[in-house]
Amino acid sequence: LPGSSDSPASASGVAGIIGTHHHETGVEGRESAMMAAEEINDSPVEIHDYLSAFANSIDAADEMLKNMMSVSRNELLQKLDPLEQAKVDLVSAYTLNSMFWVYLATQGVNPKEHPVKQELERIRVYMNRVKELTDKKKAGKLDRGAASRFVRNALWEPKPKNASKVAHKGKSKS
C-alpha cells in the first residue's frame, strides 16, 4: 500500500494458507459445511440456519473470486481510474488480512494481539481517505452567481402598506 514501509506479517501467512488449503474453498467448503450440518441431527435449528447461511456466503465468495481471477490484475486496473484502482487494492488487502484474522482465530491465536490487527486498522484509515476523496468528487459545484440570482428572484418582497396609499393619494390629488 502507498506509504507503507513495512510488509504486513499477515500477507505471507495468508499466501501460504491459500496455497496449501485452496482445496477447502468453494464447492468443497460448502459440501463440508453441509455434511457437518447433516451429522449434527440433535442440534438446534438455529445452527442449521447458520450453517446454511455460511454455505451461501462461501458460494458467493467463490463466485466473486472466480470473476476476479478470470481477468488479469493489470487488465482490470487499466480499465479503472486511479481512485478506483486504489479501492481495488485496498479491498484486496483488507480481504487478505481478514482471511488471515479468521485463520489465526481458528488456530487458537488471539488476532487482537497479532500485528494483523494494526494492519487492518491501517487499511481502514486508507479506505476512509479514499471514501472522503470519492465524496468530494461526487459533491456538486456551486455556481454562486446563479444561486444568488435564484435566491434574489425567488424571495417575495411585500410592498409597504404606506407606499400603496401614498401612491394612490398622489394620483387622486392631481
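Look a little higher up for the structure.
Since the structure is predicted, the reported quantities are computational estimates derived from the model, not experimental observations.

(A) Structural context of the overall build of the protein chain. Counting secondary structure elements, the protein chain contains eight helices and zero strands. Its helices and strands taken in sequence order, the protein chain reads α-α-α-α-α-α-α-α from the N to the C terminus. Sorting the 174 residues of the protein chain into buried and exposed places 17% on the buried side. As displayed, the protein chain has an accessible area near 13700 Å², and 59% of this comes from carbon and sulfur atoms.

(B) Structural context of the nonpolar core. Formed by Leu83, Leu90, Ala93, Ile123, Tyr126 and Val130, the largest nonpolar core amounts to six residues. The set of elements that each furnish at least two residues to this core consists of helix H5 (82-106) and helix H6 (115-138).

(C) Representation of the pattern of salt bridges in the model. Summed over the entire model, instances satisfying the criterion amount to seven salt bridges. For Asp81, the salt bridge goes to Lys137, with nearest N and O atoms at 3.5 Å. Taken together, the positions of Asp81 in the loop between helix H4 (73-78) and H5 and Lys137 in helix H6 put the pair 56 residues apart, joining distant regions of the chain. A relative accessible area of 31% means that Asp81 is categorised as partly exposed. By relative accessible area, which is 57% here, Lys137 ends up exposed. As a salt-bridge pair, Asp135 and Lys131 come within 3.1 Å of each other at their nearest N and O atoms. With Asp135 and Lys131 both in helix H6 and four residues apart, the pair spans about one turn of that helix.

What counts, and where the lines are drawn
- Residues numbered from 1 in each chain as written.
- Predicted model: local features only at pLDDT ≥ 70, side-chain atom pairs only at ≥ 80, totals over all residues.
- Heavy atoms only, no water.
- Helix = DSSP H or I, 4+ residues; strand = E, 2+ residues; numbered from the N terminus.
- Buried < 20%, exposed > 50% of the residue type's maximum accessible area, 1.4 Å probe, protein only.
- Areas by Shrake-Rupley, 256 points an atom, 1.4 Å probe, with all protein chains shown as cover.
- Core = buried A, V, L, I, M, F, W, Y, C linked by side-chain atoms within 4.5 Å.
- Salt bridge = Lys/Arg side-chain N within 4 Å of Asp/Glu carboxyl O.

Purely spatial values, then, with no claim about function.
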